[in-house]
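# A closer look at the structure
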Amino acid sequence: MSQGAAALPGDPPGGRRAAAVWGLGVGVYFVAIIFRTSLGVAGIDAAERFDINASALSTFSILQLLVYAGMQIPVGLMVDRLGTKKVLALGAVLFTAGQLAFALSHTYGTALASRALLGCGDAMTFISVLRLGARWFPARRGPLIAQVAALFGMAGNLVSTMVLARLLHGAGWTATFGGSVAAGVLVLLLTLLFLKDHPEGHEPPPAAHGVGKGFVRRQIALAWREPGTRLGMWVHFTTQFPAMVFLLLWGMPFLVEAQGLSRETAGLMLTVVVLSSMAVGLVYGQIIARHYAARLPLALGTVGATALLWAAVACWPGAHAPMWLLVTECVVLGACGPASMIGFDFARPANPPERQGTASGIVNMGGFIASITTLLAVGVLLDATGDDYRTAFCSVFVLEALGLSQILRLRTRAQRREQERVVASRVETMHVPAVSPGSTA
């Protein structure tokens, strides 16, 4: 279909109050992203502070993302059962405690444990924000709302690259990371005081939630059985990780150590990725809201462009790639985050409301599993090759090829299933009796 989904009976009204409540949830996600990506601008400082090599440094981000990915399905189940407010509040408590512990850490083991705690809290934010948007805004706004949420997440990344990087070299490690904890405390208080799971009159129907392993297995199995969920996961897997690896850890060392840029210039390059992501997110959201069939072409086009630019930089014959090529690569990497959001647009219509959290958790695992694998591969290859970034960064192509093969395998099945749901919905609508404005239902 060429147009976004039409308004459905019983859709939430949206409006200013919806934007305000949803904005609170996005604020929690914004702070979580600042904390998550703060290590990306502190990688060199962390290596010096804890006296560790590249493999040990990559373990920080790998452990954090491993916890994040492992929490996605449990968090999805929690959101489906407990609601958004409770899960977001718990997430804020955990990632704030993790950031404070990281600020005070003086040993490698303590710092690892604090990043794991931070990753656990971070894992509870994005799925909750997606659920909050679905509860407060009409279904037709879903793709745009999701992209705008991701845009604010990238703004958090921008704070890391522009603000925390400068504070780190001026105020020092403990003051910078410790001072940022105030933001976590603030969003926690606002969440507890003002956030609501859904607008009045739009309470979800009571569900007979099961208990025990049987219910959990059933929820996961039903969500996984939908081709749209699996396609969404592989789209997320294939599109997100190149930019995540670049921003979260290896971008700064690559630009400084392999490309000979100063820290200030490298920080600006990371900022280009973030600004590009914010701009592309708005464009992708508008396109998909108007032309739903554009989802897969946008995702595949982003994968192709990313692979092309990554290969051009890796294979450049000189010692350093020219600045124009590095800037172009950073601009293209900015499209990876918005493209990964398309995965949720495949899973959302494939699952009923009571399974949205679980399905979103499955999708969100994809990109983080790919990121974990690549972070580890780059670290190991750097140590094995004497810091040869060209060889280490070639690991990106392996995962892109795997993800692309799965997308192409599942796309026809998912499209067929989606068409069947559209036809069934139209037939059901034709059999619903009309209710006159003056009558009572």
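Sequence order as written defines residue numbering, which begins from 1 separately in each chain. It should be noted that, the model being predicted, local features are given only for residues of pLDDT at least 70 and side-chain atom pairs only at 80 or more, the latter also being counted only at that level, while totals for whole chains, interfaces and linings use all residues. Heavy atoms from the whole structure form the basis of all side-chain values; hydrogens and water molecules are not counted.

The subject of this paragraph is the overall build of the chain. Of the regular secondary structure elements, the chain holds 17 helices and 0 strands. Split into buried and exposed, the 441 residues of the chain put 55% on the buried side. Put simply, 85% of the contacts in the chain that link residues at least 6 apart link residues at least 24 apart. Reported accessibility uses the Shrake-Rupley method at a 1.4 Å probe radius. Residues are deemed covered only where the shown protein chains occlude them. Carbon and sulfur atoms make up 67% of the accessible area of the chain, which amounts to about 18,200 Å² in all. Helical segments are the DSSP runs of H or I of at least four residues, strand segments are the runs of E of at least two, and each set is numbered from the N terminus. Here the term buried applies to any residue with accessible area under 20% of the maximum for its type, exposed to any over 50%, and partly exposed to those in between, with areas from a 1.4 Å probe on protein chains only. Contact definition: two residues touch when any of their heavy atoms are within 4.5 Å.

When a carboxyl oxygen of Asp or Glu lies within 4 Å of a side-chain nitrogen of Lys or Arg, that pair is called a salt bridge. This model, assessed by the stated rule, comprises 5 salt bridges. Where R263 meets D45, a salt bridge forms, and the shortest distance between an N and an O atom there is 3.3 Å. Residue R263 is found in helix α11 (residues 263-290), and its partner D45 is found in helix α2 (residues 43-50); the two are separated by 218 residues along the sequence. Of the charged contacts, one joins R131 and D80 as a salt bridge, the two residues approaching to 2.7 Å between their closest N and O atoms. Residue R131 is located in helix α6 (residues 126-136), and its partner D80 is located in helix α3 (residues 54-82); the two are separated by 51 residues in the primary sequence. Per residue, the accessibility class of R131 equals that of D80, and both read buried.

This part covers the side chain of D122. Along the chain, D122 turns up in helix α5 (residues 108-122). Given a relative accessible area of 1%, D122 falls into the buried group. Counting of polar contacts relies on pairs of N or O atoms within 3.5 Å, with two restrictions inside protein: one atom must be capable of donating a hydrogen and the other of accepting it, and residues adjacent in sequence are counted only when both atoms are side-chain atoms. A distance of 2.6 Å separates the side chain of D122 from the side chain of R36, its partner in a polar contact. Setting aside its immediate chain neighbours within four residues, D122 contacts A32, R36, Q64, Y68 and F95.

A word on the confidence of the model for the chain. On a scale of 0 to 100, pLDDT captures the predictor's confidence in every residue. Overall, the prediction assigns the chain a mean pLDDT of 85, with 90% of residues at 70 or greater. Mean pLDDT across the secondary structure elements of the chain bottoms out at helix α7 (residues 142-171), with 81, and peaks at helix α13 (residues 323-333), with 96. Here residues 1-9 scores under 50 on pLDDT; set against residues more than four positions off or in separate chains, the count is 16 contacts. Note that pLDDT drops below 50 for residues 434-441; the model gives that stretch 0 contacts with residues more than four away or on any other chain.

All right, on to unusual backbone geometry then. Phi angles above zero are rare outside glycine, and D51 is one such case at about 55°. Located in the positive-phi region is D387, a residue other than glycine, with phi close to 65°. Note on placement: D387 falls in the loop between α15 (356-385) and α16 (389-393). The class for D387 is partly exposed, based on a relative accessible area of 44%.

The pocket and cavity definitions rest on a 1 Å grid over protein atoms only: a 1.4 Å probe that fits but cannot leave marks a cavity, an open set with protein on both sides within 12 Å along at least five of seven lines marks a pocket, and residues lining either have an atom within 4 Å of a point. Grid points are joined across faces, edges and corners, and a volume is the space filled by probe spheres set on the points. Tallying each qualifying case throughout the model produces 1 cavity of 30 Å³ or more. Volume-wise, the largest cavity comes out at about 380 Å³. Y29, M154, Q240, M244 and G337 are the residues nearest the centre of the largest cavity, which is lined by 30 residues in total. Contributing elements (two or more residues each) for the lining of the largest cavity: α1 (16-37), α7, α10 (227-258), α11, α14 (336-347) and α15.

Attention now goes to the packing of aromatic side chains. The way to describe two aromatic rings as a pair is by their centre distance and the angle between their planes. Pairing of aromatic rings covers Phe, Tyr and Trp, the last through its six-membered ring, and needs centres within 6.5 Å; plane angles under 30 degrees mean stacked, over 60 mean edge-to-face, and all others mean tilted. Scanning the entire structure with this criterion turns up 20 aromatic pairs. A ring pair is formed by Y389 and F393, whose centres lie 5.8 Å apart and whose planes are at 90°; its orientation type is edge-to-face. Of the two residues, Y389 and F393 are both situated in helix α16; the distance of 4 residues between them amounts to about one turn of the helix. Look at NZ for Lys and CZ for Arg. If either is within 6 Å of the ring centre and within 35 degrees of the ring normal, a charge sits over the ring. Note that R115 overlies the ring of F102, its terminal NZ or CZ placed 4.7 Å from the centroid. Lying across the ring of Y292, R295 places its NZ or CZ 4.1 Å from the centre.

So, on to the packing of α3 against α15. Two numbers describe how α3 lies on α15: the axes approach to 8 Å, and their chain directions differ by 170°. With respect to their mutual orientation, α3 and α15 come out roughly antiparallel. Side-chain classes are defined by residue name, with Ala, Val, Leu, Ile, Met, Phe, Trp, Tyr, Cys and Pro counting as nonpolar, Asp, Glu, Lys and Arg as charged, and the others, Gly among them, as polar. Within the contact of α3 with α15, the residues separate by chemical class into 17 nonpolar, 12 polar and 2 charged. Axes here refer to lines fitted to C-alpha atoms; in helices the fit is confined to the stretch in contact. Angles between the N-to-C directions go from 0 to 180 degrees. Each angle gets one of four labels, with under 35 degrees taken as roughly parallel, over 145 as roughly antiparallel, 65 to 115 as roughly perpendicular, and the rest as oblique.

Turning to the environment of R290, a few remarks are in order. Relative to the elements of secondary structure, R290 occurs in helix α11. A relative accessible area of 45% means that R290 is categorised as partly exposed. For R290 and R140, which are 150 residues apart along the polypeptide, the C-alpha to C-alpha distance reads 9.3 Å.

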